[in-house]
Amino acid sequence: MSGSVWSFVPESGEHAGTSYSVVVPTVWENLPEFASYRGRGCFRRKFYGEGNVRLVCKGISHTAEIYLDGRLLGKHYNAYTPFSLLARQIPSGEHELKIIVDNRFSENSALHIPNDYMTYGGINRGIVLEHLKKAYIEYLHVEVGKAGKNGWKVLLTTKINGISDSSERYTLRLQADPLFTDEIAIDLETNESRIVQKEIYLENVSEWTPENPVLYKVRAILSDTEPMDDLIERFGFREIKVSGKYILLNGRPIRIKGFNRHEDHPMFGCAMPLQAIEQDIQIAMDLGANAIRTSHYPNDELFLDLCDEQGILVWEESHARGLKEYHMQNPYFQKQSEDCIREMVMNHKNHPCIFVWGILNECASETLYGRDCYTKQYRQLKELDRTRPRTSASNKHKKDICLDIPEIVSFNLYPEWYSDQNETAVDCIQDMMQWIRNNPVTRNKPFIVSEIGAGALYGYHTRTKDKWSEEYQCIALEHQLRAVLESAECCGVFIWQLTDIRISRERFENRPRTMNNKGIVDEYRRPKMSYEIVKDIFTSYDDYFETNL
Ligand code: ADA
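What you see is a predicted model, and the numbers here were worked out from it, not measured in a lab.

Undergrad: Teacher, can you tell me more about the pattern of salt bridges here?
TA: For side chains bearing opposite charge, pairing can occur when the charged atoms are close. The final tally for this structure, using the stated rule, is 44 salt bridges. The salt bridge partner of glutamate 130 is arginine 54, with a shortest N-O separation of 3.3 Å. Of this pair, glutamate 130 sits in strand E9 (residues 127-132) while arginine 54 sits in strand E4 (residues 40-57), and the two are 76 residues apart along the sequence. Taking the relative accessible area as the measure of exposure, glutamate 130 reaches 25% and is therefore partly exposed. Its relative accessible area of 9% is what places arginine 54 among the buried residues. One salt bridge in this structure joins lysine 257 and aspartate 543, with 2.8 Å as the shortest N-O distance. Placement of lysine 257 in strand E20 (residues 256-260) and of aspartate 543 in the segment after helix H8 (530-539) is noted, with a sequence separation of 286 residues between them. Here lysine 257 falls in the buried class, since its relative accessible area comes to 3%. Salt bridges linked by common partners bring Asp500, Arg513, Glu523 and Lys528 together as one network.

Listed below in structure tokens is the structure:
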């Protein structure tokens, strides 16, 4: 249903009730009259169908009510995670899908709040309609881990949902050419769901590395007398481990040279098409980066697919930015966070590019209540994925009381931008490193500078190299990056940020242009003066640390 024309009708404002044609995925801010519309809007589309249908929505911003032929099928909160809904035995013929979208901030929304990025309104990611028979495959997870010197253990977990009114016998075929094929018989009672696991040991496979990101495909086929559903997943043979101060990728200590990136574009809002996503990745690679952090929410699977293919390492994080203790006490906070983490991990865990899961950027990690929330979320992550390390970008630094929980410690630091003018980047980084070294909680963990940067207005130049000029951004970034990358105790950095982005006008009125202007390229992807400086610095540091582990 993606790439097709839908109707959009706003519910309030001077154009309430008027119908517009839009191509989904889209956000209504792309329509000239709705550039700042905050409210509810209705998207409709007709389709032909019959029998059991499943609707898979990859992202609706930010609250959705979904109706089929006027009957409520389900609701979902959060712009940045996929979900699916099932409708059984619909009669043959034309049907109407209606999605009511709401992008308003309210006490019912704990994660989408006015923030330093824009919350758009619309169907921002792809949408798929599947016709099902008596049973379907909900997911196929592939977990890989090293086994011995040359071997790999592969754990395949398939979830099958029966939607038949009688008990049935099925065959599940798992096929990854040329690696393995297997067939499993499954008896399902009426409406039963079943999780089927299969462990395989393999040798002589090609590893997934940033230099040579080899991907394999595995296909699950569910049949009774004939095939009725299939699912193809890609995966890679790579293992992430943490050892002392290092993050090891297939045993080698990697140095992170990364960018923070928001899904934001002046022409598409957060509903970015594949080509625009690919352009961002190409820009990051041209700048010498090997990693991207999905600040501050799970990204479109299209982005992850491209990173898998290009060998870009990804820090994927669940949705939250700058929540204070009172935000975290919102009665919806825990449930909305839990849903977001579950939907993120369950949908994205096969991507080899993801090397770390992040939670709760700059939230209340200095309070006991905050610690309780961090503990719960870290625990949930571990239950959902035992293979990846966890972290959180903190701005509480020495006051943070949650640093003992995750495997990796990460700080957002802005020396020579927000901090006291007299503090140099070198002083700031050295002071942090000394504190980390002397603190038994952090001493033996990898440390990442998860944000560093400075603002520059594209095209603004001053002889005096004042703040907001492109000249000032060059100076600050050069000091910051060299200070971080010269420190052997720091395993990497994510620059804030790849591109300039739009922010919510309800907050941060003090940001020029209602934009966060710390991009190395502006919102139209035009390079600022700092582009060449960052590129020189990033390309002069190796992707791995020289060390005898
Ligand atoms: C924070 C935050 C970012 C952004 C940045 C800035 O560290 O995590 O979302 O707001 O500061 O530009 O100040």
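Undergrad: It is not clear to me how the domain arrangement of the protein chain should be interpreted in this structure. Could you clarify?
TA: A common way to express how large an interface is: the accessible area buried when the components associate. The domain boundaries assigned to the protein chain delineate domain 1 (4-132), domain 2 (135-235) and domain 3 (251-539). Computed over C-alpha atoms only, the centres of domain 1 and domain 3 are separated by 29 Å. Each partner contributes to the roughly 3000 Å² buried at the junction of domain 1 and domain 3, and carbon and sulfur atoms together form 52% of this total. Broken down residue by residue, the surface that domain 1 buries against domain 3 is led by Leu111, Asp116 and Tyr117, which jointly contribute 23%. There are five salt bridges connecting domain 1 and domain 3. For the salt bridge of glutamate 506 with arginine 38, the shortest nitrogen-to-oxygen distance reads 2.5 Å. Run the count over domain 1 and domain 3 and you get 19 residue pairs in polar contact (both at pLDDT 80 or more). Counted by class, the side of domain 1 that touches domain 3 contains 15 nonpolar, 12 polar and six charged residues.

Undergrad: Would you mind going over the packing of helix H1 (residues 274-286) against helix H2 (residues 301-310) with me for this structure?
TA: Following both chains from N to C, one finds H1 and H2 inclined at 40°, their axes separated by 10 Å at the closest point. When the axis of H1 is compared with that of H2, the two are oblique. The two elements H1 and H2 cross, and the hand of that crossing is right-handed. Here Leu274, Ile277, Glu278, Ile281, Gln282 and Met285 of H1 lie close against H2, whose contacting residues are Leu302, Phe303, Leu306, Cys307 and Gln310. Residues belonging to the contact of H1 with H2 are distributed by class as follows: eight nonpolar, two polar and one charged.

Undergrad: Just to check I follow, could you spell out the site of the ligand for this structure?
TA: Neighbouring residues of the ligand: 13 residues in total, closest Asp116, Glu362, Tyr418, Glu451 and Lys518. The separation between an oxygen atom of the ligand and a polar side-chain atom of tryptophan 496 is 3.4 Å. For the ligand, whose unbound accessible area comes to 320 Å², protein coverage reaches 97%. Here the residues of the shell around the ligand are counted per class, giving three nonpolar, four polar and six charged.

Undergrad: Quick question: what am I supposed to make of the packing of aromatic side chains here?
TA: Aromatic rings considered in pairs are described by the distance between their centres and by the relative angle of their planes. What the rule picks out here adds up to 24 aromatic pairs. Between tyrosine 80 and tyrosine 297, the aromatic rings sit 3.7 Å apart at their centres with planes inclined by 15°, giving stacked as the arrangement. Within this pair, whereas tyrosine 80 is found in the loop between strand E6 (71-77) and strand E7 (83-102), its partner tyrosine 297 is found in the loop between strand E21 (291-293) and H2, the two being separated by 217 residues in sequence. Residue classification places tyrosine 80 among the buried positions, given a relative accessible area of 1%. On the numbers, 6.1 Å between centres and 45° between planes, the contact of tryptophan 417 with tyrosine 472 is tilted. Of this pair, tryptophan 417 sits in the loop between strand E26 (409-412) and helix H6 (425-438) while tyrosine 472 is found in helix H7 (residues 470-486), placing the two residues 55 residues apart along the sequence. Assessed through its relative accessible area of 5%, tryptophan 417 is described here as buried. Overall, the relative accessible area of 12% leaves tyrosine 472 in the buried class. Of the aromatic side chains, those joined through ring pairs into one cluster are Phe8, Tyr20, Trp28, Phe34, Tyr37 and Phe43. Note that arginine 252 overlies the ring of tyrosine 544, its terminal NZ or CZ placed 3.7 Å from the centroid.

Undergrad: Honestly, the sheet that holds strand E13 (residues 180-188) in this entry has me stumped. Any pointers?
TA: To summarise the sheet geometry, strands pair through backbone hydrogen bonds and adopt either a parallel or an antiparallel arrangement. Taking strand neighbours across the sheet as the criterion, the four strands line up as E13-E12-E15-E16 in an open arrangement whose pairing is antiparallel. In this open sheet, the two strands that pair with only one neighbour each are E13 and strand E16 (227-235). Looking at each pair of strands side by side, their axes are set apart by 15° on average, direction ignored. Here five bridges tie strand E12 (residues 168-176) to strand E15 (residues 216-223), and the two strands are oriented antiparallel to one another. Within E15, the position partnered with leucine 172 by the bridge is leucine 222.

Undergrad: Explain the pairing of E15 to me, please; I cannot follow it from the model alone.
TA: Consecutive residues of a regular strand have side chains that alternate between opposite faces of the sheet. Counting buried residues along E15, six of its eight residues qualify, which places the element largely inside the surrounding structure. Bridge count for E15 against E16 is eight bridges, and the pairing is antiparallel. When the sheet's bridge partners are listed, tyrosine 216 is paired in E16 with phenylalanine 235. The antiparallel hairpin formed by E15 and E16 contains three residues in its connecting segment.

What counts, and where the lines are drawn
Note that residues are indexed from 1 along each chain, following the sequence as it is written. Residues qualify for local features only when their pLDDT is at least 70, as the model is predicted, and side-chain atom pairs are given and counted only at 80 or more; totals for whole chains, interfaces and linings, by contrast, use all residues. Side-chain measures were taken over the full set of non-hydrogen atoms in the model, leaving aside hydrogen atoms and water. The salt bridge definition used is simple: a Lys or Arg side-chain nitrogen within 4 Å of an Asp or Glu carboxyl oxygen. Per the convention used, a helix needs a DSSP run of H or I reaching at least four residues, while a strand needs a run of E reaching at least two, with both numbered from the N terminus. Think of it in three bands: residues with accessible area under 20% of the maximum for their type are buried, residues over 50% are exposed, and the middle band is partly exposed, with areas taken using a 1.4 Å probe on protein chains only. Delimitation of the domains relies on an automatic or database domain assignment. By definition, the buried area sums, over both parts, the 1.4 Å-probe accessible area that each loses when the two are put together. Polar contact is the term for a pair of N or O atoms within 3.5 Å; when the atoms are in protein, one must be able to donate a hydrogen and the other to accept it, and sequence-neighboring residues count only if both atoms are side-chain atoms. Residues are grouped as follows: Ala, Val, Leu, Ile, Met, Phe, Trp, Tyr, Cys and Pro are nonpolar; Asp, Glu, Lys and Arg are charged; every other residue, Gly included, is polar. Axes here mean lines fitted to C-alpha atoms, for a helix over just the part in contact, with angles spanning 0 to 180 degrees between N-to-C directions. Angle categories are assigned with fixed cut-offs, so that under 35 degrees is roughly parallel, over 145 is roughly antiparallel, 65 to 115 is roughly perpendicular, and the rest are oblique. A clockwise turn of the near helix away from the far one marks a right-handed crossing, whereas an anticlockwise turn of less than a right angle marks a left-handed crossing. Should any heavy atoms of two residues lie within 4.5 Å, those residues are counted as being in contact. We call a residue near a molecule or strand whenever a single non-hydrogen atom of that residue lies within 4 Å of it. Throughout, the Shrake-Rupley method with a 1.4 Å probe supplies accessible areas, and for residues the shown protein chains are the sole cover considered. Paired rings are identified among Phe, Tyr and Trp, the last through its six-membered ring, by centres lying within 6.5 Å, and are further divided according to the angle between planes into stacked (under 30 degrees), edge-to-face (over 60) and tilted (the rest). Sitting over a ring, as applied to charges here, requires NZ of Lys or CZ of Arg to be within 6 Å of the ring centre and within 35 degrees of the ring normal. For two strands to be treated as a pair, DSSP must find at least two bridges joining them.

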